[in-house]
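# Descriptive structure summary
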Amino acid sequence: MIFEMFRPVHRWIWCDAERRAHKLLRFGETETDGGRDLVRASETTPDSLLRRLYLEHAIDEHRHGVMFRRRGNEILRSLAPGSNSSFQADWLAPSGHGVDDLRVDEEPDEALLAFLHLSEKNAADRFSVYRDVLENDIPTRAIFEEILRDEVFHMNYTLTQLARVSPQRHGRTLWYERLRRIWKSYLRMAAALGAVMGGFILTVQYFVILPPFAWLAKRAERRESPGWAPVSPQPNRPLQRQY
Amino acid sequence: MLKKRGAVQRKVIMLGSSFGSIAELAGGLWRSDSGKRWLVPLAVFLSVTGIVLAVAATVEALAPFVYSIF
Amino acid sequence: MKILGVSAHYHDSAAALVIDGVPVCAVQEERLSRRKGDASFPLSAIQWCLDHACLEPDALDAVVYYERPMLKFERILTCALRAFPHSWRAFPKAMQNSLGERVWVRGIISSHLGVPSSRILFTEHHQSHAAAAFLTAPTRRAAILTTDGVGEWATLAVGHGERKPDGNTEITLLREIRFPHSLGMLYSTFTAYLGFAVNEDEYKVMGLAGYGRPTMVDQVRRVIRRTPDGAFTLDLGYFEFHTTTERSYSDRFVELFGPPRNSYEPIDLETAEGQRFADCAASVQRVLEDTLVDIARTLHQETGLTDLCLGGGVALNGVANTRILAESGFERVFVPSAPGDAGCALGAALYADRIHFHNPDRDVPDHPFWGPPADGVELARLAREDGHRFEELDDSTLIEQTADDLAAGRVVGWMDGALELGPRALGHRSILAAPHAVAMRDRLNRDIKFREEFRPFAPAVSIEAADRYFELPPGGARLARFMSGVFPVRKEWRQRLAAVTHVDGTARVQVLEHDMAPRLHTLLEAYGRRSGIPVLLNTSFNLAGEPIVNRVVEGYTTFRRSGIDVLVAGQTRLTKRASPLANAKEEVTCSRSVERSSAR
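This is a predicted model, so every value here is computed, not measured. (Residues numbered from 1 in each chain as written. Chains lettered and ligands numbered in written order. Predicted model: local features only at pLDDT ≥ 70, side-chain atom pairs only at ≥ 80, totals over all residues. Heavy atoms only, no water.)

### Points about the overall build of chain C
Across its full length, chain C carries 22 helices and 24 strands. The globule rule puts the C-alpha radius of gyration for 600 residues at 25 Å, and the 24 Å found for chain C is close to it. Principal axes of the C-alpha set define a box for chain C whose edges measure 65 × 60 × 60 Å. Split into buried and exposed, the 600 residues of chain C put 65% on the buried side. Taking the intrachain contacts of chain C between residues at least 6 apart in sequence as the baseline, contacts between residues at least 24 apart amount to 70%. Each charge sign in chain C was given a centre, from 69 positive and 77 negative side chains, and these centres are 3 Å apart. (Helix = DSSP H or I, 4+ residues; strand = E, 2+ residues; numbered from the N terminus. Rg over C-alpha atoms; globule rule 2.2 N^0.38 Å. Buried < 20%, exposed > 50% of the residue type's maximum accessible area, 1.4 Å probe, protein only. Contact = heavy atoms within 4.5 Å. Lys, Arg positive; Asp, Glu negative; His and termini not counted. Charge placed at Lys NZ, Arg CZ, Asp CG, Glu CD.)

Have a look at this one:
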């Protein structure tokens, strides 16, 4: 629904050929990464039916990755040399659904199925908007069409398998997974905000505290001669020391 | 079999040893024949800052607030 | 005495266990976590090593980390100060990376393993490389040359080692070249410039160099200059790796060599632009080789020793290793199977054992197989559950059948015994194929490895037949033991070994002794009886962007996702029912019908 509201924004993002190419290439990487995680899931599940389905899903993701990359490269090749789109707007038009914030080998099947179901649903919503705004680029639109067909299969199998492996609690598992996604979104935001604040503090320190030390460091560097430096004998460097 | 410890417990153990590590850094710089004694105050100051960064990395939910101690 | 070695936090983390002076096991974290180049603290690897030896962490006498984190931190801080104010963007990131976790290694080890601080030791990065190279090599005295991107301060170190008759061991590093002057960083900068991934794709630059001519050597020599004492310095005006985290090369570098390659664009060697990239690769490769040969030659003259042990990531450059063997004066050159940081886990543990604890010297088994074993029974179970045709055969029948498969042009996934330590598949986790036709190389690149067409595949040959097909100089077979050298394919065989012969007529051959991998050796002979040439194409058992497979289930999923025709693990042989493409479609149809029926 949210993606629908931003349809004009997506139309603007996708109208630029170079931006489109880079986006497709990035989508290709995300799909391939997601495929690898699904392979991992297929290797770790004790359920043989799920192993087959995860593997099939992984093969689909790999194929999607190849399609995205191929199309992205086609568009890039068709552009005039030197063309450059400076703004990629990655956060406005996110890619597919890599399973990158989930340690697949540590998750029980029901949690993974719920996660995959919601991720596929989310990706399908986004991809259908992207498909709709690509009416002037028929080959790219066709790729999204094809991928959307696969996403329907992925959404269905994850839901039915969730009902199979967790017949009593699958509804609760889905809700739990929805809440976990919100919590994870908060954690991502908190970590990003923390990183920004940490970066800001360190940048302030850099300009306020470092200058005299930088002067001393540069002076010391000038005294160093280029080339070989002797290594002090081993007895002077006991292994208990971290320095 | 490795004992499973919670993130907070591990961080407490890690921080417990960090002061010894900072002392090693300072001592190493002081003894170093490369003449870097002048770097000791900065290295120690940044390492202490680093302890805060390490705490923030552990308790990601509180990360934005940990920096308020500055 | 039980010593655990650990390398972590930069690239390719690993753990290794040494008991009573002999390695018992070692494994890279990526092989267990399935994340290529996994640099995280190697908990899974440590766990596996302890389980394998049935040890509790309390039983460890020492845990040795492969470098000194505080010395490294001092280097990072000093470099940021020297580059002030240009380092303002890099400084917060560098501090967050270092101080968030990497400098607190003693605490990390304590918190995960519960061992007291007094049992945690630290070697220097290049000491670890030196120990990994010297203490695993079958030599009593050798010169040592280690070179990589950077450790703490050192980027290249030379010295010598001796295993004395009284059981004592000495490793002496004489001198070093310090950051930012680094052959590894130079090569990595060109790797980035050529659109490949740093710390991962350097071997692609070496492969690409074969297609180029070293027409830009003069330009490269402006970037790296020799000093009067025989070392070198980088002209830092051409680089940015020491001031930013975004880019390795500067605008001046681009002015000198032209626009960098877009990593998404395939290299088309038919175009002038593609040829420029190949020439660029050939030029930096030439300068790297010249510099290393020169340093090695001086080391040979200085030490008077006949053996040289090479360590550090740059020792993965087989072309340079071969020139060192040919031109430096050393008679034998030893490169371990894991000369990079993963091998440092083993090196650090061995260094502590021999040098710190003064334990008597012990011979280290001369093979790379220190990881988890492959279990053929597991493959039979998977095949049974998934309804695939499989056979469980006795050893000789299995090998004869596999030789038949290879002779019929089938591609075989081969899993046998313990996993290799290091980036090369040396016969226990390999994809094998007939080495004769270019079409096979193209098929492997297209349907199995999903990778660039210009990259060559390596051959494996038995030591008895190696000289017949490859021009191996004295000492060449040793260098080729772990695929560490590149040698000419004899002219008369190039056409019949087209899938493994690079465009310049060379091959990164593995020369196999029976004792190292008996089943593969027997397979080579069986294949030789059929084809007349006991040589096989041997490439690592993985797909592009993935680590080499470890467990059988990983081999199985790789087999299912690629054009591999036959999978062999232990005594079990699994085949595909139809052509790879048809099979993939059949699988999809089958699974979707399974899904639909279960949904009803």
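Next, the rest of the story.
### Thoughts on helix 20 (residues 518-531) of chain C
All names here are of chain C. Between its first and last C-alpha, helix 20 extends 20 Å over 14 residues, near the 20 Å set by a 1.5 Å rise per residue. Within helix 20, the full set of buried residues consists of Arg-519, Leu-520, His-521, Leu-523, Leu-524, Ala-526, Tyr-527, Gly-528 and Ser-531. The inward-facing, buried residues of helix 20 contact helix 15 (395-407), strand 15 (412-415), strand 17 (429-433), strand 18 (459-462), strand 21 (510-512) and strand 22 (535-540). Gly-532 sits one or two residues past helix 20 and shows a positive phi near 85°. (Expected span 1.5 Å × (residues − 1).)

### Topic: unusual backbone geometry
Residues and elements named next belong to chain C. The peptide bond linking Phe-84 to Pro-85 adopts the cis configuration, its omega dihedral lying at 0°. Of note, Pro-85 is situated in the loop between helix 3 (69-82) and helix 4 (90-102). Across the junction of Phe-179 and Pro-180, the peptide omega takes the value 10°, indicating a cis bond. Mapped onto the elements of the fold, Pro-180 is located in the loop between strand 8 (169-178) and helix 7 (183-193). Phi angles above zero are rare outside glycine, and Asp-20 is one such case at about 50°. For Asp-20, a relative accessible area of 46% puts it in the partly exposed group.

### As for the interface of chain A and chain C
Accessible area lost during the coming together of the parts is what is often quoted as the interface size. Residue-level contacts link 61 residues of chain A with 74 residues of chain C. Together, the buried faces of chain A and chain C total about 6,100 Å²; carbon and sulfur atoms form 58% of this surface. A per-residue breakdown of the area chain A buries against chain C is headed by A:Trp228, A:Leu239 and A:Gln242, which together make up 16% of the total. Inspection of the chain A/chain C interface yields seven salt bridges. Between C:Asp386 and A:Arg52 there is a salt bridge; the shortest N-O distance is 2.9 Å. At the boundary of chain A with chain C, the tally comes to 25 residue pairs in polar contact (both at pLDDT 80 or more). Mapped onto the side of chain A that touches chain C, the elements with two or more residues apiece are helix 3 (17-44), helix 4 (48-78), helix 6 (138-165), helix 7 (170-223) and strand 1 (229-230) of chain A. (Buried area = accessible area lost by both parts, 1.4 Å probe. Salt bridge = Lys/Arg side-chain N within 4 Å of Asp/Glu carboxyl O. Polar contact = N/O pair within 3.5 Å; in protein donor to acceptor, adjacent residues only side chain to side chain.)

### Let's talk about the environment of C:Pro365
Residues and elements named next belong to chain C. Residue position: Pro-365 is located in the loop between helix 13 (341-356) and strand 13 (369-373). Among the residues examined, Pro-365 registers a relative accessible area of 32% and is labelled partly exposed. Between the C-alpha atoms of Pro-365 and Ala-278, which are 87 residues apart in sequence, the distance is 39 Å. Excluding its chain neighbours within four sequence positions, the residues that come into contact with Pro-365 are Val-22, Pro-23 and Trp-370.

### Details of the pattern of salt bridges
All names here are of chain C. A complete count under the given rule lists 71 salt bridges over all chains for this structure. In this structure, the salt-bridge partner of Arg-68 is Glu-124, at a minimum N-O distance of 3.3 Å. Residue Arg-68 is located in the loop between strand 4 (62-65) and helix 3, and its partner Glu-124 is located in the loop between strand 5 (120-122) and helix 6 (125-134); the two are separated by 56 residues in the primary sequence. Residue Arg-68 shares its accessibility class with Glu-124, and that shared class is buried.

### Some points on the sheet that holds strand 1 (residues 2-7) of chain C
Residue and element names in this part refer to chain C. With mixed pairing, five strands are arranged side by side in an open sheet as 3-2-1-4-5. With partners counted over all chains shown, the strands left at the sheet margins are strand 3 (22-28) and strand 5, one partner each. Ignoring strand direction, the axes of neighbouring strands in this sheet form an average angle of 20°. As defined by bridge partners, strand 1 adjoins strand 2 (residues 14-19) across six bridges and the pair is classed as antiparallel. Opposite Val-6, over in strand 2, you have Ala-15 as the bridge partner. Against the sheet, helix 2 (residues 43-52) touches strand 1, strand 2 and strand 3, its axis set at about 145° to strand 3. (Pairing = 2+ DSSP bridges. Axes fitted to C-alpha atoms, helices over the stretch in contact; angles between N-to-C directions.)

### Structural notes on the nonpolar core
Across soluble globular proteins, you tend to see nonpolar side chains buried next to one another. Residue and element names in this part refer to chain C. Core analysis: the largest hydrophobic core is formed by 210 residues, its most contacted members being Leu-4, Leu-77, Leu-81, Leu-145, Phe-257, Leu-308 and Phe-470. Of the residues forming this core, the biggest block, 13 residues, is contributed by helix 11 (residues 272-303). Once residues within four sequence positions are removed from consideration, Leu-308 is found in contact with Ala-142, Ala-143, Ile-144, Leu-145, Ala-296, Leu-299, Ile-324, Phe-330, Arg-332, Val-333 and Phe-334. Core analysis: the second largest hydrophobic core is formed by 26 residues, Leu-393, Leu-398, Ala-458 and Leu-536 among them. (Core = buried A, V, L, I, M, F, W, Y, C linked by side-chain atoms within 4.5 Å.)

### Comments concerning the side chain of A:Asp47
Residue and element names in this part refer to chain A. Structurally, Asp-47 can be placed in the loop between helix 3 and helix 4. Exposure remark for Asp-47: the relative accessible area of 16% places this residue in the buried category. Among the polar contacts listed, one links the side chain of Asp-47 to the side chain of Arg-164, at a separation of 2.8 Å.

### Some points on a nonpolar patch on the surface
A cluster of nonpolar side chains, namely A:Phe200, A:Val204, A:Phe207, A:Val208 and C:Trp88, defines an oily patch on the protein surface of about 510 Å² accessible area. Mapped onto the elements, A:Phe207 comes out in helix 7. (Patch = residues over 30% accessible without salt bridge, like charges linked within 9 Å, V, L, I, M, F, W, Y side chains within 5 Å. Areas by Shrake-Rupley, 256 points an atom, 1.4 Å probe, with all protein chains shown as cover.)

### Brief notes about the environment of C:Glu270
By the element assignment, C:Glu270 lies in the loop between helix 10 (251-257) and helix 11. Residues C:Glu270 and C:Ile177, spaced 93 residues apart in sequence, show a C-alpha to C-alpha distance of 39 Å.

### A word on the sheet that holds strand 11 (residues 307-311) of chain C
Each strand in a sheet pairs with another by means of backbone hydrogen bonds, the pair being arranged parallel or else antiparallel. Strand order in the open sheet formed by six strands is 1(A)-8(C)-7(C)-6(C)-11(C)-12(C), with mixed pairing between adjacent strands. Edge positions in the sheet fall to strand 1 of chain A together with strand 12 (332-334) of chain C, since each has one partner strand and no second. Looking at chain direction, strand 6 (residues 141-147) of chain C and strand 7 (residues 154-163) of chain C are connected through seven bridges and run antiparallel. Bridging from a neighbouring strand, C:Ala142 pairs with C:Gly161 of strand 7 of chain C.

### So, the packing of aromatic side chains
Throughout the structure, instances matching the rule amount to 33 aromatic pairs over all chains. Members of the aromatic cluster, each reached through a chain of ring pairs, are C:Phe179, C:Phe190, C:Tyr193, C:Phe239, C:Phe241, C:Tyr249, C:Phe253 and C:Phe257. Just above the ring of B:Trp30 sits the side chain of B:Arg37; from NZ or CZ to the centre is 4.4 Å. Over the aromatic face of C:Phe482 sits the side chain of C:Arg478, whose NZ or CZ is 5.6 Å from the ring centroid. (Phe/Tyr/Trp six-rings, centres within 6.5 Å; stacked < 30°, edge-to-face > 60°. Lys NZ or Arg CZ within 6 Å of the ring centre and 35° of its normal.)

### Focus on the interface of chain A and chain B
Tallying the contact residues gives 22 residues for chain A and 21 residues for chain B. Between chain A and chain B, the buried area comes to about 1,900 Å², and carbon and sulfur atoms account for 72% of it. Here chain A and chain B share zero salt bridges between them. Connecting chain A to chain B are two residue pairs in polar contact (both at pLDDT 80 or more).

### Looking at the domain arrangement of chain C
Residue and element names in this part refer to chain C. If you check the domain split of chain C, you get domain 1 (1-136 + 347-366), domain 2 (138-335) and domain 3 (370-585). Listed by partner, the interface residues are 21 residues for domain 2 and 21 residues for domain 3. Each partner contributes to the roughly 1,700 Å² buried at the junction of domain 2 and domain 3, and carbon and sulfur atoms together form 65% of this total. Where domain 2 touches domain 3, the interface holds zero salt bridges. Where domain 2 touches domain 3, the interface holds four residue pairs in polar contact (both at pLDDT 80 or more). Elements represented by at least two residues in the side of domain 2 that touches domain 3 include exactly helix 8 (202-209), helix 12 (318-327) and strand 12. (Domains from an automatic or database assignment.)

### Re the packing of helix 3 of chain A against helix 4 of chain A
The axes of two packed helices give the description: the angle between them and the distance between them. All names here are of chain A. At a closest axis distance of 7 Å, the pairing of helix 3 and helix 4 adopts a crossing angle of 160°. For the element pair helix 3 / helix 4, the angle class is roughly antiparallel. Regarding helix 3 and helix 4, the two cross each other, and that crossing is left-handed. Each residue belonging to the contact of helix 3 with helix 4 can be placed in one class, and the counts come to 14 nonpolar, 10 polar and eight charged. (Parallel < 35°, antiparallel > 145°, perpendicular 65-115°, else oblique. Left-handed = near helix turned anticlockwise from the far one by under 90°. Nonpolar A, V, L, I, M, F, W, Y, C, P; charged D, E, K, R; others polar.)

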